[in-house]
Amino acid sequence: MLYVELWGLRVNVYAQIAGFVGMLVLIWSYQLRRKGFFVVNTLAMAIFLLESCLLYADADTFTGIVLNAAAIVRNLLVLFCSVRLGCDLPVWAAVLLLAAIWAICAFRLGVWYTWLPPVLQTIFTLCSLKKNYYLLKAGALVLEGGNFFYNLYVGAYIGVLRQVLILCGLIAGVAVHIHRLRAERKRTGSHSAQEKQIL
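The structure reproduced in this document is the subject of the present report. These numbers come from a predicted model, not from an experiment.

### Things to note about the overall build of the protein chain
So, step 1. Helix and strand content of the protein chain: 8 helices and 2 strands.
So, step 2. Along the protein chain, from the amino end to the carboxyl end, the secondary structure elements read β-β-α-α-α-α-α-α-α-α.
So, step 3. Out of the 199 residues belonging to the protein chain, those deemed buried represent 43%.
So, step 4. In the protein chain, once contacts between residues fewer than 6 apart in sequence are set aside, the share between residues at least 24 apart is 60%.

Structure (structure tokens):
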């Protein structure tokens, strides 16, 4: 591993590079509609999984490894149900996945803030069950906002900076989406099919 000193902290360079690339891919995913979001978000979660594995020698990133791996499974299930079966992810499948997450992470949870990442992942997973653009983005806002406060509380200031950029990208993506819908409404004089389905 390659390490450098930054602001008095020992930084794993390879992990930070992976985290930075993952951040950019995640911001990209928040600019996309539902199907594109889950495809690109899966790539982002795979990169964050790599980051968590690279950090494991220096910090207890077990929960992060589990949550990133579970996010990949969730995204693939959502895509399979949507593309192959033409339906939403069944509630029972999401519940089983969440139960597995909590069962694996439970013995590693301690003080209150260690519960925050799995709680945030649970909220986002539940918000991703229906084909509702705004519900999905609301869940993402809770997830990323919660991650911001988590990083701030534990003193992970590089993570705080990353979360600020991710939140800005998320909000910008929603703003652009709303602007496009309004422009389409003005052009056609009626609500588009996308607005009616809230995708």
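### Things to note about the packing of aromatic side chains
So, step 1. Here the structure, examined in full by the defined rule, presents 11 aromatic pairs.
So, step 2. Relative to Phe37, the ring of Tyr30 has its centre 5.6 Å away and its plane inclined at 20 degrees; by these criteria the two rings are stacked.
So, step 3. The class for Phe37 is buried, based on a relative accessible area of 0%.
So, step 4. Three or more aromatic residues joined by ring pairs make a cluster, and in this case those are Tyr30, Phe37, Phe38 and Phe124.

### Things to note about the environment of Ile104
So, step 1. Mapped onto the secondary structure, Ile104 falls in helix α4 (residues 91–105).
So, step 2. Judged by its relative accessible area of 39%, Ile104 is partly exposed.
So, step 3. A sequence separation of 42 residues divides Ile104 from Phe62, and the C-alpha atoms of the two residues are 9.8 Å apart.
So, step 4. In this view, Ile104 contacts Phe62 and Val66; residues no more than four positions away in its chain are not counted.

### Observations concerning the nonpolar core
So, step 1. Judged by nonpolar contacts, the single largest core of 33 residues is most densely connected at Leu26, Tyr30, Met45 and Leu89.
So, step 2. Secondary structure elements with two or more residues in this core: α1 (13–29), α2 (34–55), α3 (62–85), α4, α5 (116–127), α6 (133–154) and α7 (157–188).
So, step 3. At 8 residues, α2 tops the list of elements feeding residues into this core.
So, step 4. Excluding its chain neighbours within four sequence positions, the residues that come into contact with Leu89 are Leu77, Val78, Cys81, Ala94 and Leu129.
So, step 5. In terms of nonpolar packing, the next biggest core, distinct from the first, is built from 7 residues, Val66, Leu67, Ala70 and Leu97 among them.

### Quick notes on the environment of Leu97
So, step 1. One can find Leu97 in helix α4.
So, step 2. For the pair Leu97 and Ala71, spaced 26 residues apart in sequence, the C-alpha separation works out to 9.5 Å.

### Some details on the pattern of salt bridges
So, step 1. Under the criterion given, the structure shown has 1 salt bridge.
So, step 2. For Arg162, the salt bridge is made with Glu51, and the minimal N-O distance between the two is 2.8 Å. Placement of the pair is Arg162 in helix α7 and Glu51 in helix α2, with a sequence separation of 111 residues. The same class applies to Arg162 and to Glu51, which are both buried.

### Regarding α3
So, step 1. Taking 1.5 Å per residue, 24 residues should reach 34 Å; α3 reaches 33 Å between its end C-alpha atoms and fits that length.
So, step 2. Taken together, the buried positions of α3 are occupied by Thr63, Val66, Leu67, Asn68, Ala70, Ala71, Ile72, Arg74, Asn75, Val78, Leu79 and Cys81.
So, step 3. Phi turns positive one or two residues past the end of α3, at Gly86, with a value near 65 degrees.

Definitions and cut-offs
- Residue positions are given per chain, counted from 1 along the sequence in the order it is written.
- The model is predicted, so local features are restricted to residues of pLDDT at least 70 and side-chain atom pairs to those at 80 or more, both for listing and for counting; the totals for chains, interfaces and linings are taken over all residues.
- Note that water and hydrogens are dropped before the side-chain values are worked out from all heavy atoms of the structure.
- Here a strand is any run of E in DSSP of at least two residues, a helix any run of H or I of at least four, and the numbering for each starts at the N terminus.
- Using a 1.4 Å probe on the protein chains alone, a residue whose accessible area is under 20% of its type maximum counts as buried, one over 50% counts as exposed, and one in between counts as partly exposed.
- Contacts are residue-level and defined by heavy atoms, with any inter-residue pair within 4.5 Å sufficient.
- Ring pairs are drawn from Phe, Tyr and Trp, using the six-membered ring of Trp, whenever the two centres fall within 6.5 Å, and their geometry is named by plane angle: stacked under 30 degrees, edge-to-face over 60, tilted for the rest.
- Residues enter a nonpolar core if they are buried and are Ala, Val, Leu, Ile, Met, Phe, Trp, Tyr or Cys, with the set joined through side-chain atoms within 4.5 Å.
- Here, a salt bridge means any side-chain nitrogen of Lys or Arg that lies within 4 Å of a carboxyl oxygen of Asp or Glu.
- To estimate how far a helix should reach, multiply one less than its number of residues by 1.5 Å.

Geometric descriptors of this kind do not, in isolation, establish any biological role.
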